[in-house]
Amino acid sequence: MIDIVNFFKSAFQSDNNKSVLGIDIGPSSIKVVQLKRRKGRAILETYGELSLGPYAGVEIGRATNLTTEQTAQAVVDVLRESNVTTNKCGISIPMGSSLVSFIKLPKTDPKQLAQMIPLEARKYIPVPISEVSLDYLVIPRNENIVSEYQNSEEKPDDKTIDVLLVVIHNDAMAKNKEITQIAKLDTQFSEIEIFSSMRSVLEPGTAPQMIIDFGSGSTKVYIIEKGILRTSHMISRGSQDITLAISKSLGIKVEEAEKIKRERGLLKKENESMDINEITSLTLDYIFSEISRVLLNYQKKTGRNISKIFLTGGGVLLKGLREKAEASFSVPVALADPFSKLEYPAFLENVLKQAGPSFAVAIGLALRRLQDMG
Ligand SMILES: Nc1ncnc2c1ncn2[C@@H]1O[C@H](COP(=O)(O)OP(=O)(O)OP(=O)(O)O)[C@@H](O)[C@H]1O
Ligand SMILES: [Mg+2]
């Protein structure tokens, strides 16, 4: 399944030097977005999505575990089929290959801190330090963090600093490097997926916002406040679990179940012996109760309410999901609309609104690469 919009040839004469790419490699599909800058605005040139199921001999919509070579081949294919014209890109790192945590350290100068971080990080990482890459951010004191990792009773003091520690498994970096080589890309950076989505999805403001990424095999939940990631959780159930439940309950092929899921979603149908809504809700109820725990926990710890929830990932395209989420969480819920950060021809409005949630990561990556080009 590929979704290509190839309007740039006629609409804008593409200047390859100024175009950039975001490549989001998920377990069920790859999404790519090509942008360029014109008069300070980010312009959409082309985008595309390619399902990975067929590369692994499984149904579309299911999570795969491809080799690096297979993944690289799929990247080459999606770039070709989407008529991408540049190789300058940023690539995503899945949340599952990373670890984000908050640590409190004694206040010290930046040089000493750089030495201290790897030593401290050992305490938090379940694998040898040689197998990971580290990054960190000192949280500005006036935005002192209160997160689940800290005791809210602890008052900030002058002797300590709060550090957001980001750890990426080297395997993920090596995989991106290999894909870069095979697909002849010019990759400037790899970025953990949530940092890309934050750039393309969030609204300005200081109140806490939540991003839910409902993917194929897992659902990821994040809370961001004042531009800083405060918590991240991964729930090991995703949209493919709905498909598998429908397939099992109705005794039909997975392929057929996937079709029913996408067509029907949570919409009710009269006089049906087997209620698809009920089957779908079983999976969703579990995921929603986990999300509720994250939400309530944060509100309790910080005393601040989540102001808005943004839905990203292909799974949120399920009909009726936004409404169900809003009713469950009693917080305004919106489908992410990252294309709204870009300029595009008006006739694409509806298509892009529909595709938006799936492309949050890819657009965020491309926007960063565009920024980096100055
Ligand atoms: N119209 C639709 N209605 C319901 N579900 C859909 C629809 N379109 C796609 N999906 C589901 O979305 C899922 C894929 O989502 P997405 O592409 O965000 O996952 P991913 O990025 O590969 O995985 P990850 O969870 O690791 O981010 C699939 O399970 C698919 O069945
Ligand atoms: Mg994804």
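Below is a summary of the structure that appears in this document. (Residues numbered from 1 in each chain as written. Chains lettered and ligands numbered in written order. Predicted model: local features only at pLDDT ≥ 70, side-chain atom pairs only at ≥ 80, totals over all residues.)

Observations regarding the site of ligand 1
Around ligand 1 sit 24 residues in total, of which G26, S28, G61, G215 and G314 are the nearest. Tallied by class, residues from the shell around ligand 1 come to four nonpolar, 16 polar and four charged. (Near = placed C-beta within 6 Å. Nonpolar A, V, L, I, M, F, W, Y, C, P; charged D, E, K, R; others polar.)

Let's talk about the sheet that holds strand β3 (residues 41-51)
The mixed open sheet is built from five strands, whose spatial order is β3-β2-β1-β4-β8. If you trace the sheet from one side to the other, it starts and ends with β3 and β8 (186-192), each paired once. Each strand of the sheet is rotated relative to its neighbour by a mean of 20 degrees, with strand direction disregarded. Here ten bridges tie strand β2 (residues 29-38) to β3, and the two strands are oriented antiparallel to one another. Paired with K31 across the strands is E49, a residue of β3. Here helix α6 (residues 193-201) sits on the sheet in contact with β1 (19-25), β4 (88-93) and β8, set at roughly 90 degrees to β8. Helix α12 (residues 360-372) rests against β1, β2, β3, β4 and β8 of the sheet, and its axis sits at about 145 degrees to β1. (Pairing = 2+ DSSP bridges. Helix = DSSP H or I, 4+ residues; strand = E, 2+ residues; numbered from the N terminus. Axes fitted to C-alpha atoms, helices over the stretch in contact; angles between N-to-C directions. Contact = placed C-beta atoms within 7 Å.)

Concerning the sheet that holds strand β5 (residues 98-106)
Strand order in the open sheet formed by three strands is β5-β7-β6, and the pairing between neighbours is antiparallel. Edge positions in the open sheet fall to β5 and β6 (132-138), since each of these has one partner strand only. Averaged over all pairs of adjacent strands, the angle between their axes in this sheet comes to 25 degrees, without regard to strand direction. Relative to strand β7 (residues 160-169), β6 runs antiparallel, the two sharing seven bridges. The residue bridging V138 from the neighbouring strand is V163, located in β7. Along the sheet, helix α4 (residues 110-121) makes contact with β5, β6 and β7, crossing β6 at roughly 120 degrees.

Structural notes on the packing of helix α7 (residues 239-250) against helix α9 (residues 276-302)
Orientation of α7 relative to α9, taken along the N-to-C sense of each, is 135 degrees, at an axis distance of 9 Å. Between α7 and α9, the angle is such that the two are oblique. Along this stretch, α7 crosses α9, giving a crossing that reads as right-handed. Contacts between α7 and α9 involve D241, I242, A245, I246 and S249 from the first element and I276, I279, T280, L282 and T283 from the second. (Parallel < 35°, antiparallel > 145°, perpendicular 65-115°, else oblique. Left-handed = near helix turned anticlockwise from the far one by under 90°.)

Quick notes on unusual backbone geometry
Even without being glycine, N83 reaches a positive phi, approximately 55 degrees. Summarising the element assignment, N83 is placed in the loop between α3 (68-81) and β4. In this structure N83 comes out as partly exposed when scored by C-beta crowding, with 17 C-beta atoms within 10 Å. (Buried ≥ 20, exposed ≤ 12 C-beta atoms within 10 Å, placed from the backbone.)

Some thoughts on the pairing of β7
Summarising the sheet, β5 and β7 pair through nine bridges and their orientation is antiparallel. Note on β7: the bridge partner recorded for F102 is L164.

Here's the deal with the nonpolar core
Judged by nonpolar contacts, the single largest core of 76 residues is most densely connected at I23, V32 and A366. Here the element with the most residues in this core is α12; it accounts for eight residues. When near neighbours in sequence (up to four residues on either side) are disregarded, A366 contacts V20, L21, G22, V33, Q34 and L35. (Core = buried A, V, L, I, M, F, W, Y, C linked by C-beta atoms within 7 Å.)

With respect to the environment of F195
Note that F195 resides in helix α6. With 102 residues separating them along the chain, F195 and I93 place their C-alpha atoms 9.9 Å apart.

Some words on the environment of L367
Examined against the element boundaries, L367 turns out to sit in helix α12. With 330 residues separating them along the chain, L367 and R37 place their C-alpha atoms 9.6 Å apart.

Details of the pairing of β4
A regular strand places its side chains so that they alternate between the two faces of the sheet. Most of β4 is tucked away: six of the six residues are buried. Across the two faces of β4 the burial is the same, with K88, G90 and S92 and C89, I91 and I93 all buried. Strand direction decides the pairing type here: β1 and β4, joined by three bridges, are parallel. Along β4, the bridge assignment pairs G22 with G90. With six bridges connecting them, β4 and β8 associate as parallel partners. Note on β8: the bridge partner recorded for S92 is E191.

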